[in-house]
Amino acid sequence: MPAWVVVGTQWGDEGKGKATDLLADDVEYVVRYQGGNNAGHTIIAGDPTHPRTLKLHLVPSGVLYPNVTPVIGDGVVLDPGVLLEELDTLVAQGIDVSKLKISGNAHLIMPYHRELDRVTERYLGRQKLGTTKRGIGPTYADKAARVGLRVQDLYDMKIFREKLDVVLKEKNAVLSRVYNRLPMRAADIETEYAVYAERLRPYIADTMTLLHDGLEDGKTVLLEGAQGTLLDLDHGTYPFVTSSNPVAGGALTGAGLGPKDVERVIGITKAYVTRVGAGPFPTELGGESSVQRSAASGDPTGELGERMTDVGQEYGTTTGRRRRVGWFDAVLARYAARVNGLTEHFLTKLDVLSAFETLRVCRAYRYQGTDYDHFPPHQSIFHHAEPVYDQLPGWGDDLTAVGDYADLPKEARAYVDRLEELCGVPIRWVSVGPARSQTLERT
Ligand code: GDP
């Protein structure tokens, strides 16, 4: 049986948590394949009369299902203290986490990674990337530099200490001489991590073999990405990106599977666009967008943008940061379809657009008289391009109680049809609220 990839097609926060949670009914494994505790999924679970809100940062969403084995794959970077706290919180909410499996190849976030993340962001000043300061970027940098410590090192403390001594020498020199911080002691770190090692021991597994055996046994594996396509280290809006590969290709390396194992690639796509942190955002409403763009977007005062943030509750799950918001961007959606090889879309948050009389959809970018239907090859074009908008009528009605796709207002269906036409990939589900039941399958 096949693997399915769930990938965000924008800058993250598309509602992947809800989509994965819904699909988890039909799968046996849910695997996180990249990123760390900088991601956040919000899942509204339980029966509609007593919904429970769960916020997950590192544990795969499938943890809520008795039929699912949640897996933290090779490509993830793991902060053991934070993971254990998250597990404790889930257990306190009555959730069984005993089936969790963690790859021994995942890299460990160390105290100096967190510290370096904090001080380098401060050092960059206005050029800062807007990282979540949880040490994710520095951990991936050490992985590439081949000085990282991995989960499996926790189970040979002699090797752990040897590696730590080597790397800490350089980190302490940087911390103290460049950033004027106190050096860290290897013995303290060793003591702290030895405690984590014992608590994590029951969860450690050869996840790659586990998943391949599962596939051979006819089980379905769902590979769950964090962040989104435009935050991909290689294919996103560099340098305002994350330090790993959320795209579908990253799912393969991050879980140890091959291309032929994947049958479906499901793009999670918000009915509008949001972005956290710095970087260009052509269809942005208000905020940092240029004056011309604001005029073209129909929001010269920034009021529409504020409304979108408030109605969509666009604040980060992990950080609480206000997200930047903007109209749907089909150029980005086409790009995501290609980069990921999408087979279908799961469209989220259509209900939020009920708050607007007129909707705009960007179908191309215009730069120096040329229209770009596809993502421009140079970042300067992306930075300065003007969106070319289609205008569509809004519907006004509340969608959150609609139970059948056919019962959506005709303007809402026309909006979905137009997005599908512009993206070139079928939209299979439309979500009209955070709860599981607020999902309409489009036939
Ligand atoms: P993720 O990281 O991609 O899972 O996204 P987040 O969890 O950060 O953000 C999605 C937010 O939107 C969560 O609070 C969800 O409960 C909520 N959500 C998901 N789908 C919908 C939807 O269709 N409508 C509304 N109004 N909220 C939704």
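Residues numbered from 1 in each chain as written. Predicted model: local features only at pLDDT ≥ 70, side-chain atom pairs only at ≥ 80, totals over all residues. Heavy atoms only, no water.

**Details of the overall build of the chain**
Then, in step 1: For the chain, the count of helices and strands is 13 helices and 20 strands.
Then, in step 2: The C-alpha radius of gyration of the chain comes to 22 Å, within 12% of the 22 Å expected for a compact globule of 443 residues.
Then, in step 3: Projected onto its principal axes, the C-alpha positions of the chain cover 65 × 50 × 40 Å.
Then, in step 4: A separation threshold of at least 6 residues defines the contact pool for the chain, and within that pool the share at least 24 residues apart is 75%.
Then, in step 5: Split by element, the accessible area of the chain, about 18400 Å² in all, is 51% carbon and sulfur.
Then, in step 6: Averaging the locations of the 50 positively and 59 negatively charged side chains of the chain gives two centres separated by 5 Å. (Helix = DSSP H or I, 4+ residues; strand = E, 2+ residues; numbered from the N terminus. Rg over C-alpha atoms; globule rule 2.2 N^0.38 Å. Contact = heavy atoms within 4.5 Å. Areas by Shrake-Rupley, 256 points an atom, 1.4 Å probe, with all protein chains shown as cover. Lys, Arg positive; Asp, Glu negative; His and termini not counted. Charge placed at Lys NZ, Arg CZ, Asp CG, Glu CD.)

**With respect to the nonpolar core**
Then, in step 1: Counting residues in each nonpolar core, the largest one holds 54 residues, and the members touching the most others are Leu78, Leu83, Ile102, Leu108, Met110, Tyr112 and Leu164.
Then, in step 2: Among the elements of the structure, β1 (3–8), α1 (16–23), β4 (52–56), α2 (80–92), α3 (111–124), α5 (157–178), α6 (186–200) and β11 (262–270) are those that each provide at least two residues to this core.
Then, in step 3: Apart from the residues lying within four places of it in its own chain, the contact partners of Met110 are Leu149, Phe160, Leu164, Ile189 and Tyr193.
Then, in step 4: Ala271, Tyr365, Leu408 and Leu419 belong to the second largest nonpolar core, which has 48 residues in total. (Core = buried A, V, L, I, M, F, W, Y, C linked by side-chain atoms within 4.5 Å. Buried < 20%, exposed > 50% of the residue type's maximum accessible area, 1.4 Å probe, protein only.)

**Quick notes on the pairing of strand β2 (residues 29–32)**
Then, in step 1: Residues Tyr29 and Val31 of β2 are buried on one face, and the alternating residues Val30 and Arg32, pointing to the opposite face, are buried as well.
Then, in step 2: Here β2 runs beside strand β5 (residues 69–72); their pairing, made up of four bridges, is parallel. When the sheet's bridge partners are listed, Val30 is paired in β5 with Pro70.
Then, in step 3: Note that β2 and strand β10 (residues 221–224) share four bridges and pair parallel. (Pairing = 2+ DSSP bridges.)

**Quick word on the sheet that holds strand β19 (residues 427–431)**
Then, in step 1: In spatial order, the strands read β9-β7-β5-β2-β10-β1-β11-β15-β19-β20; together these ten strands make up an open sheet with mixed pairing. Across the chains shown, the open sheet's two edge strands, defined by having one partner strand only, are β9 (204–205) and β20 (439–441).
Then, in step 2: Sheet topology places strand β15 (residues 344–348) next to β19; three bridges connect them, and they run parallel. Within β19, the position partnered with His345 by the bridge is Ile427.

**Comments concerning helix α7 (residues 207–216)**
Side chains three or four residues apart in an α-helix point the same way, a direct result of the helix having 3.6 residues per turn.
Then, in step 1: For α7, the full list of buried residues reads Thr207, Leu211, Gly214 and Leu215. Each buried residue of α7 lies within a common arc of 95° when the element is viewed along its axis, so the set occupies one face.
Then, in step 2: At the C-terminal side of α7, Gly218 shows a positive phi close to 85°. (Arc of directions from axis to C-beta.)

**Quick look at the domain arrangement of the chain**
Then, in step 1: With domains assigned, the chain is organised as domain 1 (3–103 + 204–267), domain 2 (107–200) and domain 3 (268–441).
Then, in step 2: A separation of 24 Å is found between the C-alpha centroids of domain 1 and domain 2.
Then, in step 3: Taken together, the contact between domain 1 and domain 2 spans 23 residues of the former and 19 residues of the latter.
Then, in step 4: Between domain 1 and domain 2, a total of about 1800 Å² is buried, with carbon and sulfur atoms accounting for 64% of that surface.
Then, in step 5: Connecting domain 1 to domain 2 are seven residue pairs in polar contact (both at pLDDT 80 or more).
Then, in step 6: Listing elements by their share of the side of domain 1 that touches domain 2, those giving two or more residues are β6 (77–78), α2 and β7 (101–103).
Then, in step 7: At five residues, α2 tops the list of elements feeding residues into the side of domain 1 that touches domain 2. (Domains from an automatic or database assignment. Buried area = accessible area lost by both parts, 1.4 Å probe. Polar contact = N/O pair within 3.5 Å; in protein donor to acceptor, adjacent residues only side chain to side chain.)

**Let's talk about the side chain of Arg334**
Then, in step 1: Of note, Arg334 is situated in helix α11 (residues 330–340).
Then, in step 2: Among buried Asp, Glu, Lys and Arg side chains, Arg334 stands out as unpaired, with Asp373 the closest opposite charge at 4.8 Å.
Then, in step 3: A polar contact of 2.4 Å, which involves the side chain of Arg334, links it to the backbone oxygen of Asp373.
Then, in step 4: Arg334 has contacts with Arg363, Asp373, His374, Leu422 and Cys423, leaving out every residue within four places of it along the chain. (Salt bridge = Lys/Arg side-chain N within 4 Å of Asp/Glu carboxyl O.)

**Description of the site of the ligand**
Then, in step 1: Near the ligand, the surroundings consist of 18 residues, among which Lys16, Gly17, Gly40, Asp351 and Ser431 are the closest.
Then, in step 2: The backbone of Glu14 places a nitrogen or oxygen atom 3.1 Å from an oxygen atom of the ligand.
Then, in step 3: Arg323 is positioned such that a nitrogen or oxygen atom in its side chain is 3.1 Å from an oxygen atom of the ligand.
Then, in step 4: In isolation the ligand exposes 580 Å². Once the protein is present, 90% of that is buried.
Then, in step 5: Per-element accounting of the shell around the ligand gives the leading share, three residues, to α1. (Near = heavy atom within 4 Å.)

**Re α11**
Then, in step 1: Burial analysis of α11 places nine of its eleven residues in the buried class, which makes it a mostly covered element.
Then, in step 2: Burial in α11 covers these residues: Ala330, Val331, Leu332, Ala333, Arg334, Tyr335, Ala336, Ala337 and Asn340.
Then, in step 3: Between the side-chain oxygen at the start of α11 and the backbone nitrogen of Val331 there is a gap of 3.0 Å, and the oxygen is on Asp329.
Then, in step 4: Phi turns positive one or two residues past the end of α11, at Gly341, with a value near 65°.

**Focus on the pattern of salt bridges**
Then, in step 1: In the structure shown here, the tally under the stated rule is 30 salt bridges.
Then, in step 2: Between Arg118 and Glu115 there is a salt bridge, and its shortest N-O distance comes to 2.9 Å. Separated by three residues within a single helix, Arg118 and Glu115 lie in helix α3, roughly one turn from each other.
Then, in step 3: Judged by its relative accessible area of 11%, Glu115 is buried.
Then, in step 4: Here Glu441 and Arg428 are joined by a salt bridge, their closest N and O atoms 3.1 Å apart. A residue pair is termed long-range when its members are at least 10 positions apart, and Glu441 in strand β20 and Arg428 in strand β19 qualify at 13 residues.
Then, in step 5: Its relative accessible area of 42% is what places Glu441 among the partly exposed residues.
Then, in step 6: On the basis of relative accessible area, Arg428 is assigned to the partly exposed category, the value being 30%.
Then, in step 7: Connected through salt bridges with shared partners, the residues Asp13, Lys270, Glu314, Arg323 and Lys349 form a single ionic network.

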